[in-house]
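If you want the building blocks of each chain, they are given just below.
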Amino acid sequence: MRFINLFIILYVCSIGMTVSAQTWVVPDDQKTVVAPFLFTPEMQKQGEQIYLKNCQSCHGLMGKDNWAKLTPPPGDLSKELAQKQPDGELFYRITVGKAPMPEFRNILSEDERWWVIAYMRSYNPKYIQPNPATKASFAGRIVTLDMKYDDLGKKVVVTANEELKDGQSVHAAGVEVALFVKRFFGKLQVGELKTTNDKGLAIFEFPADLPGNKEGYVEVSAMVNDPKNIMKTTGAIATLAIGKPTDMPSLTEGRAWWATRGKAPVWIILTYTLSVIIVWGFIFYIVYSILKIRKVKKINL
Amino acid sequence: MTMDDNQFTFDKITSDLTHHIRINKGFLIWMGFLTVSLMVCLYAYSIQLRTGLGVAGIRDYVTWGMYLANFVFFVAASLIGMLISAVLGLIGMKWLTPITRIAETIAVAFAAVAGLVIVSDMGRPERLVYVFLYGRPQSPILWDVTVITTYLVLSLLLLFLPLIADMAIIHRKVDRLPSWLKPIYKVLSLNFTDNPQQNKIINRAIRTLLILLIPAALSIHTVTSWLFAVTSRAGWDSTVFGPYFVSGAFVAGSAAVIIAMFFFRKNYKLQNYLTDLHFNNMGKVLATVSLVYLYFNINEFLVPGYKLKRADAVHLHELFAGKDTLLFWVVQIGGLILPILFMLFHRFRKPLPIMLISVAVLIAAWFKRYIIVIPTQEHPFLPIQHVPQNFVHYSPTLIETMITIAPFILVLIIITLISKFFPVIPLHETAREKGIEHFKFD
């Protein structure tokens with residue numbers, strides 16, 4: 001009995017793994033998503049910068065078929081396989097990723113993700129951009145976040161406002177909000193996801209010991225968590241003096257083993273130079289004395 | 001075979017030790033063979049130069065492949081000059097006299113070629129000068145380049161100094177020299193006339209060199225070991241790596257010297273000078289340094305094996321009972337333990353058996369470097385995901401193998417040339433030791 005259970009579990013797992021290894025399904029409602037603006041050459045240029053920084057290491061240069069040798073292969077994004085997909089599908093894939101392709105949800109803003117697509121499309125002469133989604137025709141909720149810091153409670157208070165069809169703005173309840181601080185390699189989520197209450201508030205405890213810059217400033221951003229992409233959302237971003245002031249001299253600022261040549265520790269330079277001078281001094285002395293051997297004869301003649 | 005000392009006359013010694021200095025058919029065939037082989041290997045290298053290091057089996061995991069193993073081996077073999085000439089010589093072991101030049105020749109050949117071996121591992125060899133232009137004094141790479149250059153110059157001088165007197169004797173006393181050689185000898189002999197003042201200068205210079213040679217030689221192999229030991233990788237992260245490498249180097253070098261002694265004795269008919277006693281004694285030296293090396297091996301494997309830190313456990317498992325098992329045990333048992341056991345017995349220290357043992361030891365010494373360099377890299381701390389199989393498992397290519405063989409050919413060429421045009425055994429010194437005090441120089 002046990003054995004059969006184990007067998008079934010293994011079987012299900014292996015099927016699950018094979019399926020997940022082969023398919024990367026984009027939900028139907030995502031395929032039809034379109035950019036909120038018309039692509040401009042400006043945006044393509046922005047997109048190129050983002051592409052070179054975030055994507056090129058795996059996907060290679062556009063049209064060059066020189067992607068990194070990974071499994072599954074990333075492929076050249078200027079080619080048929082990627083270009084035949086509608087914008088919504090590309091947007092979804094970039095947003096959620098699939099190992100080893102990273103998810104860019106928290107790394108690139110929505111606009112930035114669209115700019116990359118604009119850049120990708122610039123390699124497709126047949127591409128005609130569908131009409132941008134206008135706010136008016138958007139059926140879902142339109143949510144804008146606002147953020148402030150509550151000094152007394154040491155909390156970050158995020159307010160979600162929703163724009164109704166008639167143009168009125170009300171507090172939005174039931175919106176999932178995530179809070180991030182900018183770190184060296186990307187955004188770090190602070191605490192758990194919070195759902196806004198009736199007043200449209202989500203309140204985050206902010207850790208007291210989170211290192212900020214010299215003056216304690218950290219860049220904090222709030223975003224709506226909308227994995228299905230059914231809302232139109234605008235996050236909030238602010239630089240607040242709520243981190244722990246941290247003055248960490250860069251590890252390569254002073255003299256160190258690992259620093260550049262100009263910043264070698266003095267004692268290493270001295271030891272190295274002295275050893276070389278002493279040993280080679282002896283060598284030159286020996287060569288000099290060898291040359292003297294010739295003269296000895298002349299003296300003795 | 002051995003003769004009493006009083007049977008050695010000056011003329012006999014001179015003729016015995018110099019009769020091989022002539023261009024004969026055997027020499028030409030041998031050199032022709034070496035040259036052609038070298039050309040073939042250089043052709044392989046030209047492919048690598050044009051196409052890039054991708055023609056070798058090295059990939060992102062194992063970036064130091066056979067080339068680096070080869071480099072470590074060459075540096076190791078060159079260390080013998082210091083052991084024979086400096087350490088044993090300064091202690092005053094008189095029996096060494098006929099062996100010193102062989103040891104120095106081997107040291108010079110291997111040290112000179114070691115620098116080239118490292119170039120074979122460079123995709124852009126023309127950037128070698130950057131090491132000097134931009135090298136960081138904090139980097140063991142710069143130290144390595146510095147000490148190897150220094151050691152090479154010291155060894156060359158140490159080879160040259162005792163030759164001065166020999167060349168003075170030869171260009172005066174030996175008539176049947178190739179005519180183009182005579183003037184070269186004359187210039188290189190620096191007007192030497194066995195004048196006490198000249199001898200004093202030479203002896204002083206040699207003494208200074210021998211003293212300098214000890215720290216320089218210790219440095220070259222210690223620094224080479226640091227190229228590995230300053231990283232925290234399993235199998236390399238060790239505090240005894242310096243002495244481990246140095247003692248291993250003595251093993252390889254002593255074996256190389258014994259092999260060379262055997263062939264010089266046979267080909268150049270030096271049975272009266274390289275006697276059973278020398279082979280017996282060199283056998284003892286090899287056994288001693290092998291025992292020291294065994295001691296460091298036990299340290300290297302037992303201590304991490306006792307603690308079994310995770311990365312070490314993976315590494316040791318691959319060696320002891322995994323992928324590299326066969327090579328590992330063949331090298332450790334066949335190249336170290338069995339030779340030590342054999343060499344305890346006098347009969348195995350006779351010329352032929354000790355030469356055969358040395359061949360086994362030397363081959364094992366090369367593969368030992370392979371085991372030190374490669375398996376560690378197959379287990380990175382942060383594995384790259386989804387890499388092709390040939391990243392994970394290193395397998396050398398044919399071109400790489402040929403480029404690895406090239407330096408050996410070059411070493412043989414250098415040793416052949418030096419031994420062919422100069423006495424293999426120090427002439428002046430041997431005569432002195434046989435009681436011939438002064439030579440008649442006109």
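Thresholds, definitions, all that
Residues numbered from 1 in each chain as written. Chains lettered and ligands numbered in written order. Predicted model: local features only at pLDDT ≥ 70, side-chain atom pairs only at ≥ 80, totals over all residues. Heavy atoms only, no water. Domains from an automatic or database assignment. Buried area = accessible area lost by both parts, 1.4 Å probe. Salt bridge = Lys/Arg side-chain N within 4 Å of Asp/Glu carboxyl O. Polar contact = N/O pair within 3.5 Å; in protein donor to acceptor, adjacent residues only side chain to side chain. Nonpolar A, V, L, I, M, F, W, Y, C, P; charged D, E, K, R; others polar. Phe/Tyr/Trp six-rings, centres within 6.5 Å; stacked < 30°, edge-to-face > 60°. Buried < 20%, exposed > 50% of the residue type's maximum accessible area, 1.4 Å probe, protein only. Lys NZ or Arg CZ within 6 Å of the ring centre and 35° of its normal. pLDDT = per-residue confidence, 0-100. Axes fitted to C-alpha atoms, helices over the stretch in contact; angles between N-to-C directions. Helix = DSSP H or I, 4+ residues; strand = E, 2+ residues; numbered from the N terminus. Parallel < 35°, antiparallel > 145°, perpendicular 65-115°, else oblique. Contact = heavy atoms within 4.5 Å. Patch = residues over 30% accessible without salt bridge, like charges linked within 9 Å, V, L, I, M, F, W, Y side chains within 5 Å. Areas by Shrake-Rupley, 256 points an atom, 1.4 Å probe, with all protein chains shown as cover.

**Description of the domain arrangement of chain A**
Residue and element names in this part refer to chain A.
For step 1, the next point in the chain: Segmentation of chain A into domains returns domain 1 (18-133), domain 2 (139-240) and domain 3 (261-300).
For step 2, the next point in the chain: Inter-centroid distance (C-alpha atoms) of domain 1 to domain 2 is 27 Å.
For step 3, the next point in the chain: Between domain 1 and domain 2, roughly 720 Å² of surface is buried when both sides are summed, and carbon and sulfur atoms account for 38% of that area.
For step 4, the next point in the chain: On the domain 1 side of the interface with domain 2, the three residues burying the most area are Q30, R105 and N106, jointly 55% of the side's total.
For step 5, the next point in the chain: Put simply, domain 1 and domain 2 have 0 salt bridges between them.
For step 6, the next point in the chain: Here domain 1 and domain 2 share 0 residue pairs in polar contact (both at pLDDT 80 or more) between them.
For step 7, the next point in the chain: Across the side of domain 1 that touches domain 2, the residue classes tally to 3 nonpolar, 2 polar and 2 charged.

**Topic: the packing of aromatic side chains**
One pair of aromatic rings is described through two measures. These are the centre distance and the angle between the planes.
For step 1, the next point in the chain: For the structure on display, the rule yields 41 aromatic pairs over all chains.
For step 2, the next point in the chain: Ring centres of B:F73 and B:F74 lie 6.1 Å apart, and the angle between their planes is 70°; this geometry places the pair in the edge-to-face category.
For step 3, the next point in the chain: For B:F73, a relative accessible area of 2% translates into the label buried.
For step 4, the next point in the chain: Sitting over the ring of A:W24, A:R93 keeps its end group 4.8 Å from the ring centre.
For step 5, the next point in the chain: Sitting over the ring of B:F8, B:K434 keeps its end group 4.6 Å from the ring centre.

**Here we look at the confidence of the model for chain B**
Regions with low pLDDT carry predicted coordinates that are not meant to be interpreted in detail.
For step 1, the next point in the chain: Across chain B, the average pLDDT comes to 92, with 97% of residues at or above 70.
For step 2, the next point in the chain: Interface confidence in the predicted complex, given as ipTM, is 0.90; pTM for the same model is 0.73.

**Concerning the packing of helix α12 (residues 310-321) of chain B against helix α13 (residues 325-343) of chain B**
All names here are of chain B.
For step 1, the next point in the chain: Contact geometry for α12 and α13: axes closest at 5 Å, N-to-C directions at 70°. By the angle between their directions, the pair α12 and α13 is classed as roughly perpendicular. Along the contact surface, α12 presents E318, L319, F320 and A321, while α13 presents T325, F328 and W329.
For step 2, the next point in the chain: When grouped by side-chain class, the residues that make up the contact of α12 with α13 number 5 nonpolar, 1 polar and 1 charged.

**Some remarks on the environment of A:G243**
For step 1, the next point in the chain: Of note, A:G243 is situated in the loop between β9 (236-240) and α8 (266-300).
For step 2, the next point in the chain: Separated by 46 residues in the primary sequence, A:G243 and A:N197 place their C-alpha atoms 26 Å from one another.

**A look at a nonpolar patch on the surface**
Residue and element names in this part refer to chain B.
For step 1, the next point in the chain: Among the surface-exposed residues, F320, W329, I333, I337, L338, L341, F342, L344 and F345 lie close enough to one another that they form a single nonpolar patch of about 800 Å² accessible area.
For step 2, the next point in the chain: Tracing the backbone shows L341 in helix α13.
For step 3, the next point in the chain: Overall, the relative accessible area of 45% leaves L341 in the partly exposed class.

**Here's the deal with the confidence of the model for chain A**
For step 1, the next point in the chain: Across chain A, pLDDT averages 86, with 89% of residues at or above 70.
For step 2, the next point in the chain: Low pLDDT, under 50, characterises residues 15-21 of chain A; the stretch is placed with 2 contacts to residues that sit more than four places away or in other chains.

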